[in-house]
Amino acid sequence: MPASDEVDRIVEAWSRERADLDFSPLQVLSRVGRLARHLERARKTAFAASDLELWEFDVLSALRRAGAPYQLSPKALLQQTLVSSGTMTNRIDRLVERGLVERRTDPNDGRGILVVMTPGGRERVDAAISTLLAAESELLERLSAADQERLSALLRKLSLDFDEPADPQS
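Residues numbered from 1 in each chain as written. Predicted model: local features only at pLDDT ≥ 70, side-chain atom pairs only at ≥ 80, totals over all residues. Heavy atoms only, no water.

A.B. asks: Before we go on, may I ask you to explain unusual backbone geometry in this structure?
C.D. replies: It is generally the case that most residues other than glycine have a negative phi and that most peptide bonds are trans. For the bond running from A68 to P69, omega is 10°, close enough to zero to count as cis. Inspection of the secondary structure assignment puts P69 in the loop between helix 3 (54-65) and strand 1 (71-72). Of note, D51 is a non-glycine position whose phi angle comes to about 55°, a positive value. Looking at the element boundaries, D51 is found in the loop between helix 2 (24-49) and helix 3. (Helix = DSSP H or I, 4+ residues; strand = E, 2+ residues; numbered from the N terminus.)

Listed below in structure tokens is the structure:
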């Protein structure tokens, strides 16, 4: 039998106290939640090393993934980061102040703007993703490559109904 973890202890105690309930969802989702907290700590550490906040990384990584010239409309950034319009405006303002992005008029629509990552923004997000991948690899080192693929497939199956595809060209 594999070693017990905190979730096993929690489920065992609840099962003893409330034998009338099925605690099997806790076996999965409590572990996902606990792992999410460890991942959040690893991300904060990785981003701090590049002088970025979590939200800054979210915006800059969306721009970086868009490919050269590393620009997106605010609407596309909204879709990819799942924040409100007001929140995105505030985030763009703060990134402009830090010199990590610029606002430019959309050449295809004189009324629209594009958010464009600066070379400094690209340098920071590239450093952050390298540090993050090293930290995340460390979190997964107990699993074989095959186990990681299986886990990824199961989590994908579970999350499909929660994710809405984003249109990166918007």
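Having seen the model, we can carry on.
A.B. asks: What is the right way to look at the pairing of strand 3 (residues 109-117) in this model?
C.D. replies: One face of the sheet, then the other: side chains in a regular strand alternate in exactly this way. Taken together, the 2 bridges between strand 1 and strand 3 define a ladder with antiparallel strand orientation. Across the sheet, the residue bridging to Q71 is V116, located in strand 3. Across 6 bridges, strand 2 (residues 101-106) lies against strand 3 in antiparallel orientation. Along strand 3, the bridge assignment pairs R103 with V115. Hairpin connection between strand 2 and strand 3: a loop of 2 residues separates the two successive antiparallel strands. (Pairing = 2+ DSSP bridges.)

A.B. asks: Looking at this structure, I do not really get the packing of helix 3 against helix 6 (residues 119-139). What am I missing?
C.D. replies: Two quantities define a packed helix pair, namely the angle between the axes and the distance from one axis to the other. Viewed as axis vectors pointing N to C, helix 3 and helix 6 meet at an angle of 100°, and their least axial separation amounts to 10 Å. Considering their axes alone, helix 3 and helix 6 lie roughly perpendicular with respect to each other. Every residue of helix 6 that contacts helix 3 at F57, L60, S61 and R64 is listed here: G121, R122, V125, D126, A128, I129 and L132. Among the residues making up the contact of helix 3 with helix 6, the classes are represented as 6 nonpolar, 2 polar and 3 charged. (Axes fitted to C-alpha atoms, helices over the stretch in contact; angles between N-to-C directions. Parallel < 35°, antiparallel > 145°, perpendicular 65-115°, else oblique. Contact = heavy atoms within 4.5 Å. Nonpolar A, V, L, I, M, F, W, Y, C, P; charged D, E, K, R; others polar.)

A.B. asks: Is there a simple way to explain the packing of aromatic side chains in this structure?
C.D. replies: Two aromatic rings, taken as a pair, are described by how far apart their centres are and by the angle between their planes. This model, assessed by the stated rule, comprises 2 aromatic pairs. With centroids separated by 5.9 Å and ring planes inclined at 20°, the aromatic side chains of W14 and F23 adopt a geometry described as stacked. The class of W14 is partly exposed, set by a relative accessible area of 44%. Taking the centre distance of 4.1 Å and the plane angle of 20° together, the rings of F47 and F57 count as stacked. Of the two residues, F47 sits in helix 2 while F57 sits in helix 3, which places them 10 residues apart along the sequence. (Phe/Tyr/Trp six-rings, centres within 6.5 Å; stacked < 30°, edge-to-face > 60°. Buried < 20%, exposed > 50% of the residue type's maximum accessible area, 1.4 Å probe, protein only.)

A.B. asks: It is not clear to me how the packing of helix 3 against helix 5 (residues 85-97) should be interpreted in this structure. Could you clarify?
C.D. replies: It is the contact of helix 3 with helix 5, at a shortest axis distance of 11 Å, that shows an interaxial angle of 90°. Compared by their axis directions, helix 3 and helix 5 come out roughly perpendicular. Each of W55, E56 and V59 in helix 3 lies in contact with helix 5, whose residues at this interface are M88, R91, R94 and L95. When grouped by side-chain class, the residues that make up the contact of helix 3 with helix 5 number 4 nonpolar, no polar and 3 charged.

A.B. asks: Just to check I follow, could you spell out a nonpolar patch on the surface for this structure?
C.D. replies: Together, V28, L29, V32, L139, L140, L143, L151, L155 and L158 give the surface a local cluster of nonpolar side chains, amounting to about 700 Å² of exposed area. Every element with two or more residues in the nonpolar patch is listed here: helix 2 and helix 7 (145-159). Along the chain, L143 turns up in the loop between helix 6 and helix 7. For L143, a relative accessible area of 31% gives the class partly exposed. (Patch = residues over 30% accessible without salt bridge, like charges linked within 9 Å, V, L, I, M, F, W, Y side chains within 5 Å. Areas by Shrake-Rupley, 256 points an atom, 1.4 Å probe, with all protein chains shown as cover. Salt bridge = Lys/Arg side-chain N within 4 Å of Asp/Glu carboxyl O.)

A.B. asks: Help me out: how do you make sense of the sheet that holds strand 3 in this one?
C.D. replies: The strands making up a sheet are joined through hydrogen bonds of the backbone, oriented either antiparallel or parallel. Pairing in this open sheet of 3 strands is antiparallel, and the strands run 1-3-2 from one edge to the other. What marks the edges here is a single partner per strand, and that holds for strand 1 and strand 2.

A.B. asks: Just checking my understanding: could you explain the side chain of D106 for this structure?
C.D. replies: By the secondary structure assignment, D106 is in strand 2. Buried within the structure, D106 lacks any salt-bridge partner; its nearest side chain of opposite charge belongs to R111, at an N-O separation of 9.6 Å. Ignoring any residue separated from it by four or fewer positions in sequence, one finds D106 in contact with G112, I113 and L114. (Lys, Arg positive; Asp, Glu negative; His and termini not counted.)

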